[in-house]
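Chains, contacts and geometry: an overview
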Amino acid sequence: AYAELNFTDSRNETQLAPTPATNILVDLDSPFLAPETLALLATRPDPTAPGVLRRRMVEVGARKQTVDSTLSQITAGLRGDVGFRNWTYDAYYQYGRTDFDQFTFNDVSNSRFTAGIAGCPADYVQFVPDCVPVNPFGAGNITPEMADFVRLNFADNTVFERDLANASINGDLFEMPAGTTAFALGIEWRKDKSTYTPDAAKQSGDIEGFNAQQPIAGDFDVFEVFGELLVPLVEGLEAELGVRASDYSTVGDVTAYKAGLNWSPTDTIRARAMYQRASRAPSPFESPQNGDQDFPFASDPCAGITPDGDTVYDPIDNPLSQETIDFCAAQGIIDVPNNAQPNDQLESFNYGSPALGEETSDTYTAGIVWQPDFVQDLRLSLDYWNITVEDYINDLNGGAQGIINACFESADLNSPACFDSALNLPLIFRSISGELQVNIPLVNASELETSGVDFQLDWAIPVGDSSVDLNV
């Protein structure tokens, strides 16, 4: 019988710049708006719309975060001899839990800031008690009392749990002319469960310095059967075979397997090659993701002026098509050439999907190991590897810009390129101020491939009564 207990308590702190307040709506009745500002706001296509304020909240102070994480894991099992040949068994149960508590200080409340800028009229005060008028226009106008009113501290919690039960048996099967055939056989059950609980302010989007996020809760369990064989084919050459059949509660049946050869023509040289098929089911965080806010870099085709003030459309080199004009008009943007994109990052929202399937990968490796007998304790190895992942879980069309491009190419807000029927979501839409926003779902849409060569050198050099290990 055996048991093992692990416990880790980790704490760290980080500091960020003061909160960047963006898209703060300014009521036109605010007592802090100067006559010149009101006159400028009156020149807009909709002179009655609220103003939009962007400002770094230096008076509130730097944002600080403290992360407390605890990990606990217990394993208990039985292992020993089966009583037949040299077979052994190992059976154990394991439970693990990780808690992340993140505390954030000196952020800014959108609702309080908006109410304060409006001067705390009655229709705001009923939702924002103890309102304090806030004048954000001009350096030093936000007093300590105002900063305390808009300051927002909040906490988020993430929990990951795993239950795992495993039983296996291994040993020698029979003798062959070149050696003994060995095997391993086993079963495994595990359940993963994750929950993420953001602060209420983060769920409602009443935060300025961080992205809004929604609660995520997901779990899956899987039952697996696995086996491996090591077969000596001829002197110095052995085959390695393995298979693992899995039944996931989320994606159903998947199979992983491997086949490889190890060849030792001499005592100093060994060559190896392996093919492996593997799979990965969507994690408990991917499928249930439900509209987490993000701000990726992207360009709005309905903006004729970039955030840097450059002109996008040129009558000769880059003329504005009538199709673009009509599609922008369908979204409420009329004067495209003079429409400015205020920021080079567009607000987006990330979604998972219950329809996500598993990823599969094919891995090919081949290598050689040389341990020359004329140099003591020297070992050289050279390996080539190639990995391809199919049905790679990724953002639709690679993310915000790809979704925007595909939607504008379709020029139809009801097309599949602009509307996700499975989630019943528009993929692009406009904010109250007319800025382009994007919903980004996860899909099994991509292929990922990588390859490389690894070289390794190990050499132990005697030094007096001890030795020095050189590893490259």
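Within every chain, residues take consecutive numbers counted from 1 along the sequence as written. For a predicted model such as this one, the threshold for reporting local features is a pLDDT of at least 70, and the threshold for listing and counting side-chain atom pairs is 80 or more; totals across whole chains, interfaces and linings nevertheless cover every residue. With hydrogens and water set aside, each side-chain value is computed from the structure's full complement of heavy atoms.

**Thoughts on the packing of aromatic side chains**
The following threshold applies: For Phe, Tyr and Trp, where Trp contributes only its six-membered ring, two rings pair if their centres lie within 6.5 Å, and the inter-plane angle classes them as stacked under 30 degrees, edge-to-face over 60, or tilted in between. Per the convention used, a helix needs a DSSP run of H or I reaching at least four residues, while a strand needs a run of E reaching at least two, with both numbered from the N terminus. The buried label goes to any residue with under 20% of its type's maximum accessible area, the exposed label to any with over 50%, and the partly exposed label to all in between, with areas taken from a 1.4 Å probe on protein chains only. Throughout this description, the term charge over a ring refers to an Arg CZ or Lys NZ atom that lies within 6 Å of the ring centre and within 35 degrees of the ring normal.
Per the counting criterion, the structure on display carries 9 aromatic pairs. Here Phe349 and Phe429 contribute two aromatic rings whose centre-to-centre distance is 6.2 Å and whose plane-to-plane angle is 25°, an arrangement assigned as stacked. Here Phe349 is found in strand β13 (residues 348-351), whereas its partner Phe429 is found in strand β18 (residues 428-430), with 80 residues between them in sequence. Given the relative accessible area of 25%, Phe429 is considered partly exposed. Each member of the aromatic cluster is reached from another via a ring pair, and the members are Phe84, Trp87 and Phe183. When the ring centre of Phe210 is taken as reference, the NZ or CZ atom of Arg63 above it lies at 5.2 Å. Stacked on the ring of Tyr2, the Lys or Arg Arg79 has its end atom at 4.0 Å from the ring centre.

**Some remarks on helix α6 (residues 322-330)**
Defined as follows: In this context, the arc is that of the directions from the helix axis out to the C-beta atoms. Residue contacts follow a heavy-atom distance rule, with two residues in contact if any of their heavy atoms lie within 4.5 Å.
Taken residue by residue, α6 has Thr324, Phe327 and Cys328 as its buried positions. Viewed end-on, α6 has its buried residues packed into an arc of 100°, placing them on one side of the element. Each element contacted by the buried residues of α6 is listed here: α7 (400-410) and β18.

**Quick word on the pattern of salt bridges**
Opposite charge on two side chains allows them to pair when their charged atoms are near. Counted only if it meets this: A carboxyl oxygen of Asp or Glu within 4 Å of a side-chain nitrogen of Lys or Arg is what we treat as a salt bridge.
The tally for this structure, following the rule as stated, stands at 20 salt bridges. For Arg190, the salt bridge identified is with Glu224, shortest N-O distance 2.8 Å. Pair noted here: Arg190 is in strand β7 (residues 179-197) and Glu224 is in strand β8 (residues 216-234), with a separation of 34 residues, a long-range link. We classify Arg190 as buried; its relative accessible area is 14%. The buried category is assigned to Glu224, whose relative accessible area is 3%.

**Notes on unusual backbone geometry**
Residues other than glycine seldom take positive phi values, yet Asp391 does so here, at roughly 55°. Relative to the assigned elements, Asp391 resides in strand β15 (residues 378-395). Here the phi dihedral of Ala411 falls at roughly 55°; this positive angle occurs in a residue that is not glycine. On the secondary structure map, Ala411 appears in the loop between α7 and β16 (419-420).

**Concerning the pairing of β7**
It is a general feature of regular strands that their side chains alternate between the two faces of the sheet. Cut-off, in case you're wondering: If DSSP finds at least two bridges between two strands, the strands pair.
Sheet analysis places strand β6 (residues 151-176) next to β7, joined by 19 bridges and oriented antiparallel. Opposite Ala167, over in β7, you have Ile187 as the bridge partner. Between β6 and β7, which follow one another and run antiparallel, lie 2 residues. Taken together, the 15 bridges between β7 and β8 define a ladder with antiparallel strand orientation. What sits directly across from Tyr196, in β8, is Ile216.

**Topic: the state of the cysteines**
Test applied: Note on terminology: disulfide denotes any pair of cysteine sulfur atoms within 2.5 Å.
Throughout the structure, instances matching the rule amount to 3 disulfides. Disulfide pairing is shown between Cys302 and Cys328; the S-S distance is 2.0 Å. Measuring handedness by torsion sign, the sulfur bridge of Cys302 and Cys328 sits at about -100° and is left-handed. Within this pair, whereas Cys302 is found in the loop between β12 (290-294) and α6, its partner Cys328 is found in helix α6, the two being separated by 26 residues in sequence. There is no split in this pair, since Cys302 and Cys328 are both buried. Covalent S-S linkage joins Cys407 and Cys418, the inter-sulfur distance amounting to 2.0 Å. What sets the handedness of the Cys407 and Cys418 disulfide is the S-S torsion sign, and at about 110° it is right-handed.

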